[in-house]
Amino acid sequence: MALIKQIQVTFDCAEPERVARFWCEVLGYVVPPPPEGFASWGDFDRALPPERQGSAFACVDPSGVGPRLFFQRVPEGKVVKNRVHLDVRVGTGLVGEERLAALEAECARLLPLGAVRGQLLHADNYDESCLLMHDVEGNEFCLD
């Protein structure tokens, strides 16, 4: 029998906390408590060497079911399409106009958070409709 392993999804980004807080809002995730001995993540961050301050942030599923998301600062900007992206499952089990309405409603919720709407891909003989989106740093994700 195969052992199921937990995973963490890691994002390379310019502003880890900003991107993490965006994904908290998208997914209903939360920022975990700071390490023992620190009253806040700000206190922990200020204890780091200057070159490490603001270099990483994380968020977690409060139910413990979903993967931890980790955001790390990298010097280079995003220049090509992601090789891996998240599908945010808001239309599961829905078809046709009902599915499109669910995708559009979630898109409308995410736009004020800094998301950018991409192309709507309509259902075909193989796949249901989905809506391509970008997060606050341009990383692709889908409303599915």
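This section reports on the structure supplied with the text. A quick note: this is a predicted structure, and the numbers were derived from the prediction, not measured.

## Some words on the sheet that holds strand β5 (residues 116-121)
With mixed pairing, the 4 strands of this open sheet are ordered in space as β4-β7-β6-β5. Strand pairing shows two members of the sheet lacking a second neighbour, β4 (86-88) and β5, which therefore form its edges. On average, each strand axis in the sheet is inclined to that of its neighbour by 30°, with strand direction left out of account. In this sheet, strand β6 (residues 130-134) lies alongside β5 in antiparallel orientation, the contact comprising 4 bridges. From the neighbouring strand, L120 faces β6, where its bridge partner is L131. Relative to the sheet, helix α1 (residues 16-27) contacts β4 and β7 (140-143), its axis offset from that of β4 by approximately 35°.

## Considerations on the environment of V19
Looking at where V19 falls in the secondary structure, it is placed in helix α1. Its relative accessible area of 0% is what places V19 among the buried residues. With sequence-adjacent residues up to four places away left out, V19 is seen in contact with C13, F71, D135, V136 and E137.

So, how was this worked out
- Residues numbered from 1 in each chain as written.
- Predicted model: local features only at pLDDT ≥ 70, side-chain atom pairs only at ≥ 80, totals over all residues.
- Heavy atoms only, no water.
- Pairing = 2+ DSSP bridges.
- Helix = DSSP H or I, 4+ residues; strand = E, 2+ residues; numbered from the N terminus.
- Axes fitted to C-alpha atoms, helices over the stretch in contact; angles between N-to-C directions.
- Contact = heavy atoms within 4.5 Å.
- Buried < 20%, exposed > 50% of the residue type's maximum accessible area, 1.4 Å probe, protein only.

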